[in-house]
Structures are given as C-alpha cells and as structure tokens.
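What the coordinates show
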Amino acid sequence: MIKILVTGARGQLGSVLTKTLQEKYGVHNIIASDLLDNPNFIGHFEKLDATDYSSIEEIVINNEITEIYHLAAILSAKGEENPLRTWNINMKSFFNVLEISRLHGIIKVFYPSSIAVFGNEIEHINTPQNPNLTPATVYGISKSTGEIWGNYYYEKYGLDVRSLRYPGVIGYQSLPGGGTTDYAVNIYHSAVKKKVFNCFLEASTTLPMIFMDDAIRATLELMDAPKENISVRTSYNLAGMSFNPREIFEAIKKIYPNFEISYNPDFRQEIASSWPQSINDIDARKDWGWKPVFNLDTMSKIMIQKLEEQYKLATI
Ligand code: AKB
C-alpha cells in the first residue's frame, strides 16, 4: 500500500502534482500539506511547518506514510530577501524529511532541485550533468546542498531519494511565486487579459523551461523507474524547451497580434544570466526514457486556450 505525503502542496508544482497523485493512487492515499491552510482542498490536507521535525514525524507515523514528495521551498528571487529563512525553509525541512525517512522506513523520497544549482562557471549552452556548481542565489545553494545530502542518504543508508533539476515550469493550473522564470507564466495571463506585459528580464535572456504536463510526467516517470536504472543520485538534468522573452512574445503574437510588451530588467536579470540557456539531459533520457512532448508553440496554444476558459468562467 502506497501512502504519500506531499509538502508544499499549495505551490505552483505541488498543487498540480498532488491532484495527479490523487488520480493515480486514490484520494485517500495522498496527504497534502503546506504551511498555509487550504480550506477548499478536496482530500486529506494537513497544515504543516516542514521546518518542525516533530510535526512531520507525527504525520508520517499517524498516516503510515511510505513515500514523501518534498516540494516546500522558497524560490530564487524571493529567497534573496532573507537568506537565513530561505536556508531554513529549503534545507532544514529537507534534512528533517531525510532523517524521518531513514528512521521510519520511508521507501522513496522525491526532492525537486532546479537549474538554479548552476552558476557562472558552467557552459551555458547544453549544460552538462556534472559541471562545477557555484550557484548564485540562496535558493540555488540550498538546492545544490540538498542534492548532495540526498546522494549521501542514498549511499550511506540506502534511502531511495530521487530528484530532478526542474527548468522554469509553465502551467495554466497555478501561479508561480518568487521565481526568476515566473515571467513566462505571467506573460500568458497579461496576454489573455489584453494587457501590455512588463517583462523583468531582457528580451534576449534565454532560459530552459518546461510545460507543466511534461514536468509532472517527468516526475512520475522518474519515481516509477526501476531502482537499478537510477544512476544519478544527486539530481537529474531535465530539459523541456528553451526560449527568451522575445520568442515567447512572438509565439503569443501569433494568437494575439495586438499583444504588446515592454522590457524593464531588474535584479532578476543577474540571476537569470547565471543560469543555463539549455540543458543536456542525456542521463534522464538513457536511464528512464525521458522525452519532452511540448514546445513553445504547442504550449502557447494550450496556455491561452485554458486561461481564456478560466477567465471566462471567472466573469460568469
Ligand atoms: C525559479 O525561477 O526560481 C524557479 C526555478 C527555475 O527553480 N522557477
């Protein structure tokens, strides 16, 4: 019997992943949790501060949890505001999860890492799996440290920790918050609302991105892969697509010819410039058959269609 605890279940990725896990394993086998309450949640929800060891432990024991998807985190841009808080929320919470998993016989742990682990010493194009990591943000430092701890718990205790380095995730189901890649979701909302989009990155800033459906599928495929196929125990590079603000603007203009954009780069420009432009994910492809489905045009069509439906419903 699989019983899954999801932390950060109200987040951009967490909310969609939780629903998918409910569909796959049954609503009653998923315990969703987040720092903030979620009164409208359908299923089992626990208000949880993941920096508090005993609160996680209690949920794990009481619900006979067998797997943990630890999504609670503060992202790159927001994380710069308060380094200590970011470190605690991102790293202390993951350390709690690892220790509790080791002591309470958790079978699998999922840990989301990020392209933020890379820094200015990488090759920015087709960034390989194992370059020298010199992350440029507190978020990136916490994620790369978490990768090493995950690997340690696997090597030392045999804990089955699996991880992906997500590019910027783009979906219509939820809003991101506090990230550097958030612009690529917000731009669709502006387009559908017929507003000029004010972009906080320069037009030519190419970054790796992934459509939500691909991101969720990658997560499930990694978690379902036979243990012996998993050769990367830090975190897998994962590619979806790559584009810059000018290119996403042009893709949206094919659907809304009157759409307008202005560029006002802020502190997030420096963060984005330290990240890869494209990712080499050969290990994910070889080990568990990863292959993205969506590109900029197919994603844009769905984003706009779904957001139009959502905004129309909201005005009824
Ligand atoms: C961010 O922009 O901070 C995140 C990420 C790439 O991890 N979306």
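Described below are features of the structure shown in this document. Given the structure is predicted, the values throughout are model-derived calculations rather than measurements.

Quick look at the sheet that holds strand β7 (residues 168-170) now. As a general point, the strands of a sheet are linked pairwise by backbone hydrogen bonds and lie either parallel or antiparallel. Strand order in the open sheet formed by 3 strands is β7-β9-β11, and the pairing between neighbours is mixed. Looking at strand neighbours, the two that pair on one side only are β7 and β11 (241-243), the edges of this open sheet. Neighbouring strand axes in the sheet, compared pairwise and without regard to direction, differ in orientation by 45 degrees on average. With 3 bridges joining them, β7 and strand β9 (residues 207-211) adopt parallel strand pairing. Its bridge partner being in β9, Gly 168 is matched across the sheet by Met 209. Running over the sheet, helix α11 (residues 296-315) touches β7, β9 and β11 and is turned about 85 degrees from β11.

Oppositely charged side chains can pair when the atoms bearing their charge come close. Per the stated rule, a full pass over the model turns up 11 salt bridges. In this structure, Arg 102 and Glu 99 form a salt bridge, with 2.8 Å as the shortest nitrogen-oxygen distance. Taken as a pair, Arg 102 and Glu 99 lie in helix α4 (residues 83-103) at a separation of 3 residues, close to a single helical turn. Of the residues examined, Arg 102 reaches a relative accessible area of 33% and is grouped as partly exposed. Of the charged contacts in the structure, one is a salt bridge between Arg 162 and Asp 160, with a shortest N-O distance of 2.9 Å. In this pair, the class of Arg 162 matches that of Asp 160, namely buried.

Criteria and thresholds
Each chain carries its own residue numbering, running from 1 in the written order of its sequence. Local features in this predicted model are restricted to residues of pLDDT 70 or higher, and side-chain atom pairs are both shown and tallied only at a pLDDT of 80 or more, whereas totals for entire chains, interfaces and linings draw on every residue. Derived side-chain values reflect all non-hydrogen atoms in the structure, with water molecules and hydrogen atoms excluded from consideration. Following DSSP output, two strands are said to pair if at least two bridges run between them. Starting at the N terminus, helices and strands are each numbered in turn, a helix being any DSSP run of H or I of at least four residues and a strand any DSSP run of E of at least two. Every axis corresponds to a line fitted to the C-alpha atoms, with the helix fit spanning only the stretch in contact, and the corresponding angles, defined between N-to-C directions, vary from 0 to 180 degrees. Residues count as neighbours in contact if any of their non-hydrogen atoms are within 4.5 Å of one another. The rule for a salt bridge is simple: a side-chain nitrogen of Lys or Arg has to be within 4 Å of a carboxyl oxygen of Asp or Glu. Categorising residues by exposure relies on relative accessible area from a 1.4 Å probe, with only protein chains included: less than 20% of the type maximum marks a residue as buried, more than 50% marks it as exposed, and the intermediate range marks it as partly exposed.

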